[in-house]
Amino acid sequence: MLPLDGLRVLDISQIMAGPYCTMVLGDMGAEVIKVEKAKGGDDSRQMGPYVEGESMCFVQINRNKKSIALNLKDPDGREIFYQLAREADVIVENYRPGVTQSLKVDFETIRGMNPGIIYCSISGFGQTGPYREKGGFDLVAQGMTGLMSMTGEAGKRPMKTGIAVYDIGAGITAVYSILAAYIHRQKTGEGQHIDIAVAECGLPWFTWEAAGYFGNGTQPEATGWRHRVSAPYQSLRTADGYLMLGCANQRTWERFCQDVVNRPEWMEDRRFVTNQDRRQNVEALEALIEEILAADTTENWLARCDAAGVPAGPVNTFEQALQDKHYQARGMVQSFQHPTLGKVDTLGFASKFSSTPQEIRQSAPLFAQHTDEVLEELGLDASRIAALRAGGAVV
Ligand SMILES: CC(C)(COP(=O)(O)OP(=O)(O)OC[C@H]1O[C@@H](n2cnc3c(N)ncnc32)[C@H](O)[C@@H]1OP(=O)(O)O)[C@@H](O)C(=O)NCCC(=O)NCCSC(=O)C(=O)O
(Lines give C-alpha, C1' and ligand atoms only; values in the text may rest on other atoms or scores of the structure.)
Protein backbone atom coordinates (compact mmCIF):
# COMPACT_ATOMS: atom_id res chain seq x y z
CA MET A 1 0.00 0.00 0.00
CA LEU A 2 1.41 3.37 -1.06
CA PRO A 3 -0.08 6.85 -0.48
CA LEU A 4 -0.86 7.53 -4.14
CA ASP A 5 -2.13 4.03 -5.00
CA GLY A 6 -4.83 4.41 -7.66
CA LEU A 7 -3.68 7.82 -8.96
CA ARG A 8 -3.29 7.57 -12.74
CA VAL A 9 -0.72 9.88 -14.30
CA LEU A 10 -0.22 10.37 -18.01
CA ASP A 11 3.23 11.79 -18.55
CA ILE A 12 4.06 13.57 -21.81
CA SER A 13 7.03 15.33 -20.31
CA GLN A 14 10.67 15.23 -21.34
CA ILE A 15 14.21 15.75 -20.09
CA MET A 16 14.12 16.80 -16.43
CA ALA A 17 11.49 19.08 -14.87
CA GLY A 18 8.39 17.06 -15.82
CA PRO A 19 10.02 13.65 -15.56
CA TYR A 20 11.30 14.45 -12.06
CA CYS A 21 7.75 15.32 -11.00
CA THR A 22 6.25 12.13 -12.40
CA MET A 23 9.03 10.01 -10.90
CA VAL A 24 8.25 11.37 -7.44
CA LEU A 25 4.53 10.71 -7.98
CA GLY A 26 5.44 7.18 -9.10
CA ASP A 27 7.66 6.66 -6.04
CA MET A 28 4.64 7.51 -3.89
CA GLY A 29 2.50 4.91 -5.64
CA ALA A 30 0.95 6.62 -8.67
CA GLU A 31 0.65 4.58 -11.85
CA VAL A 32 2.65 6.58 -14.40
CA ILE A 33 2.38 5.97 -18.12
CA LYS A 34 5.07 7.89 -19.96
CA VAL A 35 4.12 8.77 -23.51
CA GLU A 36 7.31 9.19 -25.51
CA LYS A 37 7.73 10.72 -28.95
CA ALA A 38 7.60 8.01 -31.58
CA LYS A 39 10.78 9.49 -33.08
CA GLY A 40 13.61 9.08 -30.58
CA GLY A 41 11.56 9.19 -27.39
CA ASP A 42 12.26 11.50 -24.46
CA ASP A 43 15.10 13.89 -25.44
CA SER A 44 17.08 12.71 -22.41
CA ARG A 45 17.51 9.33 -24.15
CA GLN A 46 20.04 11.26 -26.27
CA MET A 47 21.99 12.41 -23.22
CA GLY A 48 25.04 10.45 -22.09
CA PRO A 49 26.78 8.86 -20.35
CA TYR A 50 25.65 5.67 -22.07
CA VAL A 51 26.00 2.15 -20.73
CA GLU A 52 25.20 -0.60 -23.22
CA GLY A 53 23.34 1.91 -25.36
CA GLU A 54 21.08 3.16 -22.55
CA SER A 55 21.20 6.81 -21.47
CA MET A 56 22.07 6.97 -17.80
CA CYS A 57 20.36 10.39 -17.61
CA PHE A 58 17.07 8.83 -18.68
CA VAL A 59 17.51 5.82 -16.41
CA GLN A 60 18.04 8.02 -13.33
CA ILE A 61 14.77 9.98 -13.51
CA ASN A 62 12.29 7.57 -15.04
CA ARG A 63 11.94 4.71 -12.57
CA ASN A 64 8.43 3.71 -11.54
CA LYS A 65 7.04 4.51 -15.01
CA LYS A 66 5.85 2.53 -17.99
CA SER A 67 6.84 3.70 -21.46
CA ILE A 68 4.69 3.77 -24.56
CA ALA A 69 5.59 5.61 -27.76
CA LEU A 70 2.89 7.45 -29.69
CA ASN A 71 2.99 9.75 -32.67
CA LEU A 72 0.62 12.47 -31.48
CA LYS A 73 0.66 14.08 -34.93
CA ASP A 74 -1.05 10.96 -36.26
CA PRO A 75 -4.86 10.84 -35.66
CA ASP A 76 -4.66 7.18 -34.56
CA GLY A 77 -1.83 7.90 -32.15
CA ARG A 78 -3.79 10.84 -30.77
CA GLU A 79 -6.91 8.70 -30.38
CA ILE A 80 -4.93 6.27 -28.20
CA PHE A 81 -3.80 9.25 -26.13
CA TYR A 82 -7.42 10.39 -25.73
CA GLN A 83 -8.43 6.94 -24.51
CA LEU A 84 -5.70 7.09 -21.87
CA ALA A 85 -6.55 10.70 -21.00
CA ARG A 86 -10.21 9.83 -20.32
CA GLU A 87 -9.03 7.44 -17.61
CA ALA A 88 -6.26 9.64 -16.19
CA ASP A 89 -6.33 11.79 -13.04
CA VAL A 90 -3.28 13.84 -13.92
CA ILE A 91 -1.42 14.88 -17.08
CA VAL A 92 2.04 16.41 -16.91
CA GLU A 93 3.72 18.11 -19.88
CA ASN A 94 6.72 20.38 -20.29
CA TYR A 95 6.74 21.56 -23.89
CA ARG A 96 6.82 25.17 -25.00
CA PRO A 97 3.43 26.90 -24.64
CA GLY A 98 1.42 26.20 -27.77
CA VAL A 99 2.91 22.78 -28.52
CA THR A 100 0.14 20.82 -26.75
CA GLN A 101 -2.46 22.93 -28.64
CA SER A 102 -0.84 22.12 -31.97
CA LEU A 103 -0.79 18.43 -31.00
CA LYS A 104 -4.46 18.78 -29.83
CA VAL A 105 -3.67 17.38 -26.39
CA ASP A 106 -3.94 20.68 -24.48
CA PHE A 107 -5.88 21.27 -21.26
CA GLU A 108 -9.07 22.58 -22.89
CA THR A 109 -9.26 19.64 -25.28
CA ILE A 110 -8.69 17.05 -22.55
CA ARG A 111 -11.06 18.81 -20.13
CA GLY A 112 -13.77 18.41 -22.77
CA MET A 113 -13.47 14.64 -22.42
CA ASN A 114 -12.44 14.43 -18.74
CA PRO A 115 -13.69 17.41 -16.66
CA GLY A 116 -11.84 16.25 -13.53
CA ILE A 117 -8.43 16.23 -15.19
CA ILE A 118 -5.57 17.88 -13.32
CA TYR A 119 -3.35 19.14 -16.11
CA CYS A 120 0.07 20.44 -15.16
CA SER A 121 2.10 22.43 -17.68
CA ILE A 122 5.71 23.20 -16.92
CA SER A 123 7.37 25.59 -19.34
CA GLY A 124 10.39 27.86 -19.43
CA PHE A 125 8.52 31.09 -18.67
CA GLY A 126 4.87 30.12 -18.12
CA GLN A 127 1.72 30.14 -20.25
CA THR A 128 1.32 33.95 -20.08
CA GLY A 129 3.60 36.97 -20.04
CA PRO A 130 5.93 38.55 -22.59
CA TYR A 131 8.45 35.69 -22.59
CA ARG A 132 5.94 32.83 -22.84
CA GLU A 133 7.11 31.80 -26.32
CA LYS A 134 10.74 31.41 -25.27
CA GLY A 135 12.13 27.95 -24.59
CA GLY A 136 13.68 27.62 -21.20
CA PHE A 137 16.53 25.73 -19.69
CA ASP A 138 17.69 25.65 -16.10
CA LEU A 139 20.78 27.77 -16.70
CA VAL A 140 18.76 30.53 -18.34
CA ALA A 141 16.62 30.62 -15.20
CA GLN A 142 19.67 30.69 -12.91
CA GLY A 143 20.95 33.75 -14.73
CA MET A 144 17.64 35.51 -15.12
CA THR A 145 16.39 35.31 -11.55
CA GLY A 146 19.58 36.76 -10.11
CA LEU A 147 20.73 33.48 -8.59
CA MET A 148 24.05 33.57 -10.46
CA SER A 149 24.76 37.06 -9.15
CA MET A 150 24.68 35.62 -5.61
CA THR A 151 26.60 32.39 -6.14
CA GLY A 152 30.39 32.45 -6.26
CA GLU A 153 32.54 35.36 -5.17
CA ALA A 154 31.71 39.07 -5.30
CA GLY A 155 33.27 40.84 -8.28
CA LYS A 156 34.20 37.56 -10.01
CA ARG A 157 32.57 35.80 -12.96
CA PRO A 158 28.96 34.87 -12.03
CA MET A 159 28.61 31.22 -11.02
CA LYS A 160 25.82 28.71 -11.52
CA THR A 161 24.99 26.14 -8.88
CA GLY A 162 26.36 22.61 -9.18
CA ILE A 163 22.98 21.00 -9.95
CA ALA A 164 19.90 21.98 -11.98
CA VAL A 165 18.05 23.54 -9.05
CA TYR A 166 15.32 25.16 -11.16
CA ASP A 167 14.47 22.08 -13.21
CA ILE A 168 14.22 19.99 -10.07
CA GLY A 169 12.50 22.88 -8.26
CA ALA A 170 9.91 23.09 -11.04
CA GLY A 171 9.36 19.34 -10.74
CA ILE A 172 8.88 19.53 -6.99
CA THR A 173 6.60 22.57 -7.31
CA ALA A 174 4.57 20.51 -9.77
CA VAL A 175 4.34 17.60 -7.30
CA TYR A 176 2.90 19.63 -4.44
CA SER A 177 0.64 21.65 -6.74
CA ILE A 178 -0.78 18.49 -8.31
CA LEU A 179 -1.42 16.97 -4.87
CA ALA A 180 -3.21 20.14 -3.71
CA ALA A 181 -5.32 20.13 -6.87
CA TYR A 182 -6.10 16.45 -6.26
CA ILE A 183 -7.32 17.20 -2.72
CA HIS A 184 -9.44 20.03 -4.15
CA ARG A 185 -10.88 17.66 -6.74
CA GLN A 186 -11.70 15.07 -4.10
CA LYS A 187 -13.77 17.75 -2.30
CA THR A 188 -15.43 19.36 -5.32
CA GLY A 189 -14.95 17.09 -8.35
CA GLU A 190 -13.34 20.01 -10.17
CA GLY A 191 -10.14 19.59 -12.20
CA GLN A 192 -7.83 22.43 -13.21
CA HIS A 193 -4.82 23.63 -15.16
CA ILE A 194 -1.58 24.28 -13.26
CA ASP A 195 0.92 26.61 -14.94
CA ILE A 196 4.52 26.38 -13.65
CA ALA A 197 7.50 28.26 -15.07
CA VAL A 198 11.04 26.94 -14.63
CA ALA A 199 12.32 30.55 -14.63
CA GLU A 200 9.89 31.52 -11.88
CA CYS A 201 9.64 28.57 -9.51
CA GLY A 202 12.84 29.55 -7.70
CA LEU A 203 12.03 33.24 -7.12
CA PRO A 204 9.90 32.57 -4.01
CA TRP A 205 12.94 30.84 -2.46
CA PHE A 206 14.95 34.07 -2.21
CA THR A 207 13.62 34.64 1.31
CA TRP A 208 16.60 36.16 3.15
CA GLU A 209 17.45 38.12 0.01
CA ALA A 210 13.91 39.56 -0.05
CA ALA A 211 14.33 40.37 3.64
CA GLY A 212 17.19 42.72 2.78
CA TYR A 213 15.85 44.03 -0.50
CA PHE A 214 12.27 44.76 0.58
CA GLY A 215 13.41 45.67 4.11
CA ASN A 216 16.03 48.34 3.44
CA GLY A 217 16.86 48.14 -0.24
CA THR A 218 19.97 45.98 0.14
CA GLN A 219 21.08 44.39 -3.13
CA PRO A 220 22.11 40.80 -2.31
CA GLU A 221 25.72 40.36 -3.42
CA ALA A 222 27.60 37.11 -3.96
CA THR A 223 28.89 35.89 -0.60
CA GLY A 224 30.98 32.94 -1.76
CA TRP A 225 31.71 30.59 1.11
CA ARG A 226 30.19 32.93 3.70
CA HIS A 227 26.55 33.49 4.62
CA ARG A 228 24.48 36.58 3.99
CA VAL A 229 22.89 36.71 7.43
CA SER A 230 24.77 34.56 9.95
CA ALA A 231 28.39 34.22 11.11
CA PRO A 232 30.35 32.06 11.53
CA TYR A 233 28.18 30.06 9.12
CA GLN A 234 30.53 29.01 6.32
CA SER A 235 33.43 26.83 5.22
CA LEU A 236 36.68 27.18 7.11
CA ARG A 237 40.15 25.86 6.30
CA THR A 238 41.59 23.14 8.55
CA ALA A 239 44.98 21.36 8.47
CA ASP A 240 43.82 19.01 5.72
CA GLY A 241 40.73 20.50 4.08
CA TYR A 242 37.58 22.36 5.06
CA LEU A 243 34.98 22.32 7.80
CA MET A 244 31.41 23.55 7.30
CA LEU A 245 30.60 25.34 10.53
CA GLY A 246 27.02 26.21 11.38
CA CYS A 247 26.94 28.71 14.24
CA ALA A 248 23.72 30.27 13.01
CA ASN A 249 22.39 31.15 16.44
CA GLN A 250 23.81 32.51 19.69
CA ARG A 251 23.89 29.23 21.62
CA THR A 252 25.85 27.36 18.99
CA TRP A 253 28.31 30.28 18.76
CA GLU A 254 28.86 30.24 22.53
CA ARG A 255 29.36 26.46 22.56
CA PHE A 256 31.86 26.83 19.72
CA CYS A 257 33.89 29.42 21.65
CA GLN A 258 33.84 27.55 24.95
CA ASP A 259 33.91 23.88 24.00
CA VAL A 260 35.39 23.61 20.52
CA VAL A 261 38.17 26.22 20.23
CA ASN A 262 38.50 27.18 23.90
CA ARG A 263 38.25 30.93 23.29
CA PRO A 264 35.55 32.08 25.77
CA GLU A 265 37.00 35.61 25.51
CA TRP A 266 35.59 35.90 21.96
CA MET A 267 32.10 35.97 23.49
CA GLU A 268 32.98 39.31 25.15
CA ASP A 269 34.96 40.71 22.22
CA ARG A 270 33.00 43.78 21.00
CA ARG A 271 33.45 42.67 17.38
CA PHE A 272 31.75 39.33 17.98
CA VAL A 273 29.07 39.73 20.69
CA THR A 274 25.95 39.49 18.53
CA ASN A 275 25.35 37.76 15.22
CA GLN A 276 25.22 41.17 13.55
CA ASP A 277 28.59 42.11 15.07
CA ARG A 278 30.06 38.84 13.83
CA ARG A 279 28.59 39.28 10.35
CA GLN A 280 30.03 42.81 10.15
CA ASN A 281 33.49 41.60 11.23
CA VAL A 282 33.40 38.25 9.50
CA GLU A 283 36.80 38.60 7.83
CA ALA A 284 38.57 39.16 11.16
CA LEU A 285 36.57 36.38 12.76
CA GLU A 286 37.36 33.98 9.96
CA ALA A 287 41.09 34.70 10.20
CA LEU A 288 41.10 34.07 13.95
CA ILE A 289 39.16 30.80 13.65
CA GLU A 290 41.26 29.51 10.75
CA GLU A 291 44.45 30.19 12.72
CA ILE A 292 43.21 27.74 15.33
CA LEU A 293 41.69 25.21 12.93
CA ALA A 294 45.01 24.95 11.06
CA ALA A 295 46.35 22.92 13.98
CA ASP A 296 44.21 19.84 13.38
CA THR A 297 42.34 17.80 10.80
CA THR A 298 38.73 18.26 9.66
CA GLU A 299 37.84 14.89 11.19
CA ASN A 300 39.12 15.88 14.63
CA TRP A 301 37.43 19.29 14.55
CA LEU A 302 34.22 17.59 13.51
CA ALA A 303 34.46 15.24 16.49
CA ARG A 304 34.86 18.24 18.81
CA CYS A 305 31.91 20.06 17.22
CA ASP A 306 29.76 16.94 17.53
CA ALA A 307 30.68 16.50 21.20
CA ALA A 308 29.85 20.17 21.88
CA GLY A 309 26.54 20.12 19.99
CA VAL A 310 27.76 22.55 17.33
CA PRO A 311 26.36 21.83 13.85
CA ALA A 312 29.26 21.05 11.51
CA GLY A 313 30.12 18.80 8.61
CA PRO A 314 32.73 17.89 6.03
CA VAL A 315 32.86 19.20 2.45
CA ASN A 316 32.39 15.91 0.63
CA THR A 317 32.74 14.81 -2.94
CA PHE A 318 29.55 13.23 -4.34
CA GLU A 319 31.13 9.80 -3.93
CA GLN A 320 32.04 10.47 -0.30
CA ALA A 321 28.46 11.62 0.33
CA LEU A 322 26.94 8.49 -1.21
CA GLN A 323 29.31 6.28 0.78
CA ASP A 324 28.70 8.11 4.07
CA LYS A 325 27.45 5.65 6.69
CA HIS A 326 24.54 7.94 7.60
CA TYR A 327 23.17 8.22 4.06
CA GLN A 328 23.72 4.51 3.62
CA ALA A 329 21.75 3.80 6.79
CA ARG A 330 18.94 6.12 5.62
CA GLY A 331 18.60 4.26 2.31
CA MET A 332 19.75 7.17 0.16
CA VAL A 333 21.17 4.74 -2.38
CA GLN A 334 18.61 2.33 -3.84
CA SER A 335 18.72 0.00 -6.80
CA PHE A 336 16.45 -1.67 -9.32
CA GLN A 337 16.71 -4.41 -11.93
CA HIS A 338 16.82 -2.94 -15.42
CA PRO A 339 15.72 -5.18 -18.33
CA THR A 340 19.07 -4.96 -20.13
CA LEU A 341 21.50 -3.41 -17.65
CA GLY A 342 20.78 -5.63 -14.65
CA LYS A 343 21.23 -3.97 -11.25
CA VAL A 344 21.20 -0.17 -11.49
CA ASP A 345 22.03 1.99 -8.47
CA THR A 346 19.97 5.13 -8.00
CA LEU A 347 19.22 7.82 -5.44
CA GLY A 348 16.81 7.19 -2.56
CA PHE A 349 13.71 9.03 -1.34
CA ALA A 350 13.76 12.44 0.30
CA SER A 351 10.93 11.57 2.72
CA LYS A 352 10.29 8.51 4.82
CA PHE A 353 6.67 7.45 5.41
CA SER A 354 6.00 5.40 8.56
CA SER A 355 2.99 3.45 7.21
CA THR A 356 3.46 3.62 3.45
CA PRO A 357 7.19 3.68 2.66
CA GLN A 358 8.06 4.58 -0.93
CA GLU A 359 9.54 1.89 -3.14
CA ILE A 360 10.87 1.21 -6.63
CA ARG A 361 8.35 -1.18 -8.16
CA GLN A 362 9.36 -0.67 -11.76
CA SER A 363 12.67 -0.12 -13.49
CA ALA A 364 13.21 2.88 -15.73
CA PRO A 365 11.64 1.51 -18.92
CA LEU A 366 13.19 0.70 -22.25
CA PHE A 367 11.86 2.89 -25.07
CA ALA A 368 8.25 1.80 -25.79
CA GLN A 369 8.65 -1.20 -23.51
CA HIS A 370 5.01 -1.20 -22.42
CA THR A 371 3.21 -0.17 -25.61
CA ASP A 372 1.64 -3.61 -26.15
CA GLU A 373 0.72 -4.05 -22.48
CA VAL A 374 -0.96 -0.63 -22.24
CA LEU A 375 -2.79 -0.97 -25.55
CA GLU A 376 -4.04 -4.44 -24.58
CA GLU A 377 -5.37 -2.96 -21.32
CA LEU A 378 -7.28 -0.45 -23.49
CA GLY A 379 -8.89 -3.48 -25.19
CA LEU A 380 -6.94 -3.43 -28.47
CA ASP A 381 -6.16 -6.83 -29.93
CA ALA A 382 -2.86 -7.93 -31.45
CA SER A 383 -3.90 -7.30 -35.06
CA ARG A 384 -5.07 -3.74 -34.28
CA ILE A 385 -1.80 -3.03 -32.44
CA ALA A 386 0.17 -4.40 -35.40
CA ALA A 387 -1.81 -2.18 -37.78
CA LEU A 388 -1.19 0.91 -35.63
CA ARG A 389 2.47 0.06 -35.53
CA ALA A 390 2.66 -0.47 -39.28
CA GLY A 391 0.97 2.91 -39.81
CA GLY A 392 3.50 4.68 -37.55
CA ALA A 393 0.97 5.76 -34.89
CA VAL A 394 2.70 3.76 -32.18
CA VAL A 395 6.09 2.15 -31.68
C1 LIG B 1 13.17 22.10 -23.40
C2 LIG B 1 12.70 22.96 -24.58
C3 LIG B 1 13.52 24.24 -24.64
C4 LIG B 1 12.93 22.16 -25.87
O5 LIG B 1 12.46 22.90 -26.94
P6 LIG B 1 12.25 22.26 -28.37
O7 LIG B 1 13.29 21.23 -28.61
O8 LIG B 1 12.16 23.38 -29.33
O9 LIG B 1 10.90 21.43 -28.22
P10 LIG B 1 9.39 21.90 -27.96
O11 LIG B 1 9.01 21.57 -26.58
O12 LIG B 1 9.17 23.31 -28.38
O13 LIG B 1 8.60 20.98 -28.98
C14 LIG B 1 8.65 19.60 -28.98
C15 LIG B 1 8.35 19.09 -30.38
O16 LIG B 1 8.07 17.69 -30.32
C17 LIG B 1 6.78 17.43 -30.85
N18 LIG B 1 6.23 16.29 -30.09
C19 LIG B 1 6.29 16.11 -28.76
N20 LIG B 1 5.74 14.94 -28.42
C21 LIG B 1 5.33 14.36 -29.56
C22 LIG B 1 4.72 13.12 -29.87
N23 LIG B 1 4.44 12.23 -28.94
N24 LIG B 1 4.45 12.86 -31.15
C25 LIG B 1 4.76 13.75 -32.13
N26 LIG B 1 5.37 14.93 -31.90
C27 LIG B 1 5.66 15.22 -30.63
C28 LIG B 1 6.04 18.72 -30.67
O29 LIG B 1 4.94 18.81 -31.50
C30 LIG B 1 7.13 19.71 -31.01
O31 LIG B 1 7.35 19.69 -32.42
P32 LIG B 1 6.87 20.83 -33.41
O33 LIG B 1 5.45 21.05 -33.08
O34 LIG B 1 7.12 20.22 -34.74
O35 LIG B 1 7.74 22.01 -33.09
C36 LIG B 1 11.18 23.25 -24.47
O37 LIG B 1 10.45 22.03 -24.50
C38 LIG B 1 10.81 23.98 -23.20
O39 LIG B 1 10.99 25.19 -23.07
N40 LIG B 1 10.25 23.22 -22.22
C41 LIG B 1 9.77 23.76 -20.97
C42 LIG B 1 10.88 24.09 -20.04
C43 LIG B 1 11.65 22.89 -19.54
O44 LIG B 1 11.14 21.87 -19.19
N45 LIG B 1 12.96 23.07 -19.52
C46 LIG B 1 13.82 22.08 -18.89
C47 LIG B 1 14.57 21.35 -19.88
S48 LIG B 1 15.89 20.47 -19.06
C49 LIG B 1 17.10 21.52 -18.52
O50 LIG B 1 16.95 22.67 -18.49
C51 LIG B 1 18.35 20.90 -18.05
O52 LIG B 1 18.48 19.67 -18.17
O53 LIG B 1 19.20 21.63 -17.54
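Residues numbered from 1 in each chain as written. Predicted model: local features only at pLDDT ≥ 70, side-chain atom pairs only at ≥ 80, totals over all residues. Heavy atoms only, no water.

With an unreviewed UniProt entry as reference, the protein chain is termed Formyl-CoA transferase, source organism Natronocella acetinitrilica.

Q: Account for the overall build of the protein chain, naming residues and giving values.
A: Check the secondary structure of the protein chain and you find 17 helices and 13 strands. Dimensions of the protein chain, computed from the C-alpha atoms along their principal axes, are close to 85 × 45 × 40 Å. With 395 residues in all, the protein chain has 46% of them scored as buried. Contacts in the protein chain between residues at least 24 apart in sequence constitute 67% of all its contacts with a sequence separation of at least 6. Surface summary for the protein chain: the accessible area is close to 20000 Å², and the carbon and sulfur share equals 53%. Side chains of the protein chain give 39 positive and 49 negative charges; the mean places of these two sets differ by 3 Å. (Helix = DSSP H or I, 4+ residues; strand = E, 2+ residues; numbered from the N terminus. Buried < 20%, exposed > 50% of the residue type's maximum accessible area, 1.4 Å probe, protein only. Contact = heavy atoms within 4.5 Å. Areas by Shrake-Rupley, 256 points an atom, 1.4 Å probe, with all protein chains shown as cover. Lys, Arg positive; Asp, Glu negative; His and termini not counted. Charge placed at Lys NZ, Arg CZ, Asp CG, Glu CD.)

Q: Any details on the pattern of salt bridges? Residues and values, ideally.
A: Pairing is possible between side chains that carry opposite charge, provided their charged atoms lie close to one another. Within the structure shown, the criterion is met by 21 salt bridges. One salt bridge in this structure joins R8 and D89, with 3.7 Å as the shortest N-O distance. Taken as a pair, R8 in strand β1 (residues 8-12) and D89 in the loop between α3 (75-87) and β6 (90-93) lie far apart in primary sequence, 81 residues in all. For R8, a relative accessible area of 34% translates into the label partly exposed. Between R111 and E108 there is a salt bridge, and its shortest N-O distance comes to 3.0 Å. Of this pair, R111 and E108 are both found in helix α5 (residues 107-113), three residues apart, which corresponds to roughly one turn of the helix. On the basis of relative accessibility, which here comes to 35%, the residue R111 falls in the partly exposed class. Within this structure, R8, E87, D89 and R185 form a network of salt bridges that share partners. (Salt bridge = Lys/Arg side-chain N within 4 Å of Asp/Glu carboxyl O.)

Q: Account for helix α1 (residues 17-27), with residues named and values stated.
A: Across the 11 residues that make up α1, a large majority, 10, are buried. Buried residues of α1: A17, G18, P19, C21, T22, M23, V24, L25, G26 and D27, and no others. Looking one or two places after α1, you find G29, whose phi comes out positive at around 115°.

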